[in-house]
Amino acid sequence: MAARGTHSRRPTLEEVAARAGVGRGTVSRVINGSPRVSDATRATVEAAVAELGYVPNTAARALAANRTDAIALVVPEPETRFFAEPYFSDMLRGVGAELAETEMQLLLIFAGNDRERQRLAQYLAAHRVDGVLLVSVHADDPLPDLLSQLEIPAVISGRRSAAETLPSVDSDNFAGAYSAVEHLLSRGRTRIATITGRLDVYGAQRRVDGYRAAVEAAGREVDERLIVPGDFTEEGGRRAMAELLERCPEVDAVFAGSDVMAAGARQVLREAGRRLPDDVALVGYDDSAIARHMDPPLTSVRQPIEEMGRAMIDLLLAEIADRRPAASRTLDGRQLVLPNELVERASS
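Here is what the cut-offs are and how they apply
- Residues numbered from 1 in each chain as written.
- Predicted model: local features only at pLDDT ≥ 70, side-chain atom pairs only at ≥ 80, totals over all residues.
- Heavy atoms only, no water.
- Helix = DSSP H or I, 4+ residues; strand = E, 2+ residues; numbered from the N terminus.
- Contact = heavy atoms within 4.5 Å.
- Pairing = 2+ DSSP bridges.
- Axes fitted to C-alpha atoms, helices over the stretch in contact; angles between N-to-C directions.
- Salt bridge = Lys/Arg side-chain N within 4 Å of Asp/Glu carboxyl O.
- Buried < 20%, exposed > 50% of the residue type's maximum accessible area, 1.4 Å probe, protein only.

With an unreviewed UniProt entry as reference, the protein chain is termed LacI family DNA-binding transcriptional regulator, source organism Streptomyces aureus.

Spelled out as structure tokens, the structure:
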């Protein structure tokens, strides 16, 4: 304890080595977790580190390895949407939990408008991060291609299309939507509508595909009047539900492409005097806290969002560690699709 108090400056690696009676290289190997050190020597070095209050200079280590020890989580959406939708907070929770097991830092960056995207492009071009996680990517978003050009390791949450070229983590949107509509059909519903997400998002397209497939599998013809576009927001859900009631007043079930849109739809149904689930059954997507706290509680397709966040980190760390040129690597094992689960509650 006395030794720590005598240092008004930061202890050096050489001082730790002298205290432990070993060479500088041995101390470095212990700090970096090398297995090429005996247990006894490791214990001696760790004791010296504790006595001196030594803190490894991660910045110098990162510089020597041409690393920044930082990962960017990039959200190409307005901040208002990020903080309004549970999907993003759940994703961030999973990313943060997995990254906590490493020494990497996480940067949260919004790129919801042209100015922010331009600033982000300049930041990435300076190679200030080791890798990027992209969440909520639209089909025409230029960021994935920019990352490829800069040769910055990147993982996307949700593919841009069936021909995605970057590593990705997604849930099975087709199967999730199919199970939701199949559930409504099993409840005897005959006029099943869907409120879609933004259709420039591949996941939203796949949910519409799943809806269509389930209706057709039941031997019914898809009524295009019952497919109304939304935008993943509560206000979008309200607008779409009002349009549905105008188009087809006899609608008796609604599959919404997110819990947030389902909450908006429920408000319009109540204002119109429609009871849930007696008059209209309602199913959402995500199984967020919104679903559990809705009145009545909302049946919803559970996406494993936190698990997706964890998987994205695992995949990105593997990408960062892989020194091979990107062109020489295949996508085998680098595009993951996780299963969903329908959680039944009183709304349907």
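Structure's up, so let's keep going.
(A) Spotlight on the environment of Val155. Relative to the elements of secondary structure, Val155 occurs in strand S4 (residues 154-157). In the structure, Val155 is positioned 22 residues away from Leu133 in sequence and 5.1 Å away in space, judged by C-alpha atoms. With sequence-adjacent residues up to four places away left out, Val155 is seen in contact with Val132, Leu133, Leu134, Pro167, Ser168, Val169, Met312, Leu315, Leu316 and Glu319.

(B) Highlighting the sheet that holds strand S11 (residues 335-338). Spatially, the 6 strands line up as an open sheet ordered S2-S1-S3-S4-S5-S11, and their pairing is parallel. Since the sheet does not close on itself, it has two edges, and those belong to strand S2 (105-110) and S11, each with one partner. Each adjacent strand pair in this sheet contributes to an overall mean axis angle of 20°, direction not counted. Across 4 bridges, strand S5 (residues 168-171) lies against S11 in parallel orientation. Bridging across to S11, Ser168 finds its partner in Gln335. Where helix H9 (residues 143-150) meets the sheet, its contacts fall on strand S1 (70-75), strand S3 (131-135) and S4, and the angle it forms with S3 comes to roughly 165°. In this fold helix H15 (residues 305-321) packs onto S1, S3, S4, S5 and S11, with an angle of close to 160° to the strand it touches most, S4.

(C) Broad picture of the pattern of salt bridges. Here the structure, examined in full by the defined rule, presents 27 salt bridges. Between Asp223 and Arg225 there is a salt bridge; the shortest N-O distance is 3.0 Å. Here Arg225 falls in the partly exposed class, since its relative accessible area comes to 36%. When the shortest N-O distance is used, the salt bridge between Arg239 and Asp231 registers 3.3 Å.

(D) Looking closely at unusual backbone geometry. In the segment running from Leu276 into Pro277, the intervening peptide bond is cis, with an omega of 0°. Tracing the chain through its elements places Pro277 in the loop between helix H13 (259-271) and strand S9 (281-286). In this structure, Pro296 follows Asp295 across a cis peptide bond, with omega equal to -5°. Mapping Pro296 onto the fold places it in the loop between helix H14 (289-293) and strand S10 (299-302). A positive phi angle, near 75°, is found at Phe232, a position not held by glycine. On the secondary structure map, Phe232 appears in the loop between strand S7 (227-229) and helix H12 (234-247). With a relative accessible area of 9%, Phe232 lands in the buried category. The phi dihedral of Asp286 falls on the positive side, at around 120°, and the residue is not glycine. With respect to the element layout, Asp286 can be found in strand S9. Judged by relative accessible area, Asp286 falls into the buried class, the value being 12%.

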